[in-house]
Amino acid sequence: MTGKMLARLMLLFGASLFLLVVQSANNNNNVCPGLEHGTPPSGQEAVPDAATYDAALKALDLQAVVADLQLLMTTSQECWPADFGHYGPLFVRLAWHCSGSFRSTDGRGGCGGGRQRFEPERSWADNTNLDKARGLLWPVKEKFGDGLSWGDLFTLAGTTAIKSMGGPVTEYCAGRVDDPDGSESEILGPSPEQERDAPCEIDGKCQKPLGATTLGLIYVNPEGPVAQDEDGKWVPDPNPTRSAADIRDAFGRMGLSDEQTVALIGGGHAFGKAHGACPAGAGPSPAEQVSNPWPGLCGSGKGNETFTSGFEGQWTTEPTRWNNEFFVHLRNHNWEKHMGPGGHWQWRPTNAEEGCKVAGLMRLTVDVALVHDRKYAHIVRDFAMYPRKFDHAFDKAWFKLTTDGGYWSKERKCISGKQIPSMRSDDDGDHLAADAVELLAVQQHSSVSPIFGVSVIFMMFGFLGMAFLLNKHVFGSHAADDDQLLLHLADDDLISS
Ligand code: HEM
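Note that residues are indexed from 1 along each chain, following the sequence as it is written. Residues qualify for local features only when their pLDDT is at least 70, as the model is predicted, and side-chain atom pairs are given and counted only at 80 or more; totals for whole chains, interfaces and linings, by contrast, use all residues.

Participant: What's the story with the overall build of the chain in this structure? I'm lost.
Facilitator: The numbering of helices and of strands both runs from the N terminus, where a helix is a DSSP run of H or I of at least 4 residues and a strand a run of E of at least 2. From N to C terminus, the chain includes 16 helices and eight strands. Counting the 497 residues in the chain, one finds 49% classified as buried. A pair of residues counts as a contact when their C-beta atoms, built from backbone coordinates, are separated by no more than 7 Å. Restricting the contact set of the chain to residue pairs at least 6 apart, pairs at least 24 apart contribute 73%. For every residue, the other C-beta atoms within 10 Å of its own C-beta are counted; 20 or more classify it as buried, 12 or fewer as exposed, and values in between as partly exposed. C-beta atoms are placed from the backbone.

Structure representation (structure tokens):
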């Protein structure tokens, strides 16, 4: 038995105990127990002072956090059943929406600060049902305390989710400093401060310095940019060409290139599904009903009766496995718009064989937009043909997305040990801690107490099976997975753009 194996088993053992605690605390089937921590009713919460946070972060065992997140992710809970038995896609969306508020126009926004827990961000329409994700993560925050900031927890949950579903992420940095309330996000709107300093004349056509075209959304309207209907009302227009222009404008305000934009959209939508079971809506936001936000007005409001965005369906045939299917199907099928069950325009393939899995897939107008713009379409073609190019681009773009913005502790640490210049910190001139942590590949822990070690030997037989499975599915090399997961296209399979 190698020390590495022993350390791995200890992590699994600790994580399993932690899950038992999570499960036993989860006795209210309607509201996840962590709701009031992920979405504090008072709208504020004290944060540790810099010295306390720095010391706690230095001592934080990121490997142990990752192990707990991995188990939490595949343990569906009654309060919010996991689609496909996996919270990974929900956590990816959480990390993306927390990070996607960043704008390069003035450096405001981003996940650093963890302000998605507070107004105004927590009540943005785009953040519907993310109160559930934050609540599910509370036991991890509770266990690791001050050293694990909410900003780190949200981004690490998304990053671990991608990795555990076979994705190509290679870097993660911890050390985002939390804010005690949402005041730093007031300027992002909607708020009197934003109306004063950065008014948006037509919602859906908001200009710089605002990061999004629409208040309360991360970037652009998924259904398409707004246009005036016959009554002069501004409504979403499912026009992919105009949508592409909107995407370039909005992603550009965040400092993202075309390649990064396409990689992020196709990589994000490799996972999960959209939720719009019926047109009734999600119900009151946290600003309107903080004790039970967005209860959902379609039946039980959860599982297959969930309403989040009002679109319905999944993008790929394997929504909890990383691959480049998003691009392959986008190119290989014609997509037609139709009114979905949630009352919004969405797209379905017209030339897929009836009854086959692809026939049931969906696209948003923003997805279809990627083949209605010459530059985007070339990148889509590349990513459909060369999966490793897609992997590489996504890896870099995801890191940028989740790392931009906010303030960082002087004890911040990255898995590679590299110094990241974009990390602002209050302590000018400070450098990244040299003691890099190895996060996504488990390594030997030298500080194992002998008594604990002996106890673990007795218990590890019960966990050997689990260790084997996790080793295969989570820690297995990405290169090995590639051959099974990624679709490879022959040149003549491609539709010329
Ligand atoms: C133009 C930009 C984008 C738009 C308009 C958009 C829009 C949407 C919408 C409407 C949903 C459905 C939400 C629901 O009903 O549950 C969704 C889901 C999702 N999005 Fe995006 N998205 C964009 C980009 C991204 C990016 C960049 C990522 C991550 C890198 C991402 C990751 C996800 C994931 C993982 C889900 C599935 C969540 C789940 O299964 O619960 N999206 N997106």
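Next comes the rest of the write-up.
Participant: For this particular structure, what's the right way to read the site of the ligand?
Facilitator: The local shell around the ligand holds 25 residues, among which P89, G268, G272, T308 and S309 are the closest. For the shell around the ligand, the secondary structure elements donating two or more residues are α5 (88-99), α10 (258-268) and β4 (273-274). Residue contributions to the shell around the ligand peak at five residues, all from α5. Amino acids are sorted into nonpolar (Ala, Val, Leu, Ile, Met, Phe, Trp, Tyr, Cys and Pro), charged (Asp, Glu, Lys and Arg) and polar (every other residue, Gly among them). Along the lines of polarity and charge, the residues of the shell around the ligand split into 15 nonpolar, seven polar and three charged. A residue counts as near a molecule or strand when its C-beta atom, positioned from the backbone, falls within 6 Å of it.

Participant: Can you help me understand the nonpolar core in this one?
Facilitator: With 93 residues, the main nonpolar core has F91, L94, A95, A157, L370 and V380 as its most contacted residues. In this view, A157 contacts L69, F91, L94, A95 and L137; residues no more than four positions away in its chain are not counted. Listed in part, the five residues of the second largest apolar core include A277, A282, C298 and F307. To define a nonpolar core, we join buried Ala, Val, Leu, Ile, Met, Phe, Trp, Tyr and Cys residues through C-beta atoms within 7 Å and take the resulting set.

Participant: Can you help me understand the environment of W234 in this one?
Facilitator: For W234, the location among the structural elements is in strand β3 (residues 234-236). Between the C-alpha atoms of W234 and I202, which are 32 residues apart in sequence, the distance is 8.1 Å.

Participant: Hey, could you run me through unusual backbone geometry in this one?
Facilitator: A cis geometry characterises the amide bond from E119 onward to P120, with omega recorded as 0°. With respect to the helices and strands, the residue P120 is situated in the loop between α5 and α6 (130-144). Even without a glycine there, the phi angle at N129 is positive, about 70°.

Participant: Would you explain the confidence of the model for the chain in this entry?
Facilitator: Fine structural detail should not be taken from predicted coordinates in areas where pLDDT scores are low. Residues of the chain with pLDDT of at least 70 account for 77%, and the chain-wide mean is 83. A residue's pLDDT is simply how confident the predictor is in it, with values from 0 to 100. With pLDDT under 50 throughout, residues 24-28 is counted as low confidence; its partners more than four residues away or in other chains account for seven contacts. A low-confidence stretch, residues 465-497 (pLDDT under 50), is modelled with 44 contacts involving residues beyond four sequence positions or located in other chains.

Participant: Would you mind showing me how to read the packing of α10 against helix α13 (residues 374-385) here?
Facilitator: Each pair of packed helices can be described by the angle between their axes along with the distance between the axes. Axis definition: a line fitted to C-alpha atoms, over the contacting stretch in the case of helices. Angles run 0 to 180 degrees between N-to-C directions. In contact at an axis separation of 10 Å, α10 and α13 are set at 55° when each is read in the N-to-C sense. Judged by the angle between their axes, α10 and α13 are oblique. As α10 runs across α13, the sense of the crossing is right-handed. Counting all contacts with α10, which are made through D258, E259, V262 and G266, the residues of α13 involved are K375, Y376, I379, V380 and F383. Taken together, the residues that form the contact of α10 with α13 break down as five nonpolar, one polar and three charged. Any angle that is under 35 degrees is reported as roughly parallel, and any over 145 degrees as roughly antiparallel; angles of 65 to 115 degrees are reported as roughly perpendicular and all others as oblique. Note: crossing handedness is left-handed where the near helix turns anticlockwise from the far helix by less than a right angle, and right-handed where it turns clockwise.

Participant: I would appreciate a short explanation of the environment of P238 in the present structure.
Facilitator: Along the chain, P238 turns up in the loop between β3 and α9 (240-252). Residue P238 is classed as buried on the basis of its 23 C-beta neighbours within 10 Å. Each C-alpha atom, one on P238 and one on H344, is 9.5 Å from the other, the two residues being 106 residues apart in sequence. Setting aside anything within four residues of it in sequence, one finds P238 in contact with E223, G224, K337, W345 and T365.

Participant: Honestly, the packing of helix α4 (residues 62-73) against helix α7 (residues 150-164) in this entry has me stumped. Any pointers?
Facilitator: For the pair α4 and α7, the least separation of the axes is 10 Å and the interaxial angle reads 70°. What the angle tells us is that α4 and α7 run roughly perpendicular. α7 is crossed by α4, and the crossing has right-handed handedness. Residues V65, V66, L69, Q70 and M73 of α4 form the contact with α7, whose participating residues are L156, A157, T160, A161 and S164. Tallied by class, the residues present in the contact of α4 with α7 amount to seven nonpolar, three polar and no charged.

Participant: I tried to follow α4 on my own but got confused; where do I start?
Facilitator: Side chains of residues three or four places apart in an α-helix project in the same direction, reflecting 3.6 residues per turn. In this scheme, a helix's expected span is set at 1.5 Å multiplied by one less than its residue total. When the terminal C-alpha atoms of α4 are compared, their 16 Å separation across 12 residues agrees well with the 16 Å that a helix rising 1.5 Å per residue should span. Among the 12 residues in α4, nine count as buried, and that is most of the element. Every buried residue belonging to α4 is among L62, V65, V66, A67, D68, L69, Q70, L72 and M73, and all of these are buried.

Participant: Sorry if this is basic, but what is going on with α10 here?
Facilitator: Taken across its 11 residues, α10 has 10 buried, putting it largely inside the fold. The complete set of buried residues in α10 reads E259, Q260, T261, V262, A263, L264, I265, G266, G267 and G268. Check the buried side of α10 and you find it contacts α5, α9, α11 (325-332), α12 (365-368), α13 and α14 (387-403).

Participant: When you look at the environment of W347 in this model, what are you seeing that I'm missing?
Facilitator: Within the secondary structure, W347 is located in strand β7 (residues 345-349). Setting aside chain neighbours within four positions, we find W347 in contact with W335, E336, K337, M362, R363 and V368.

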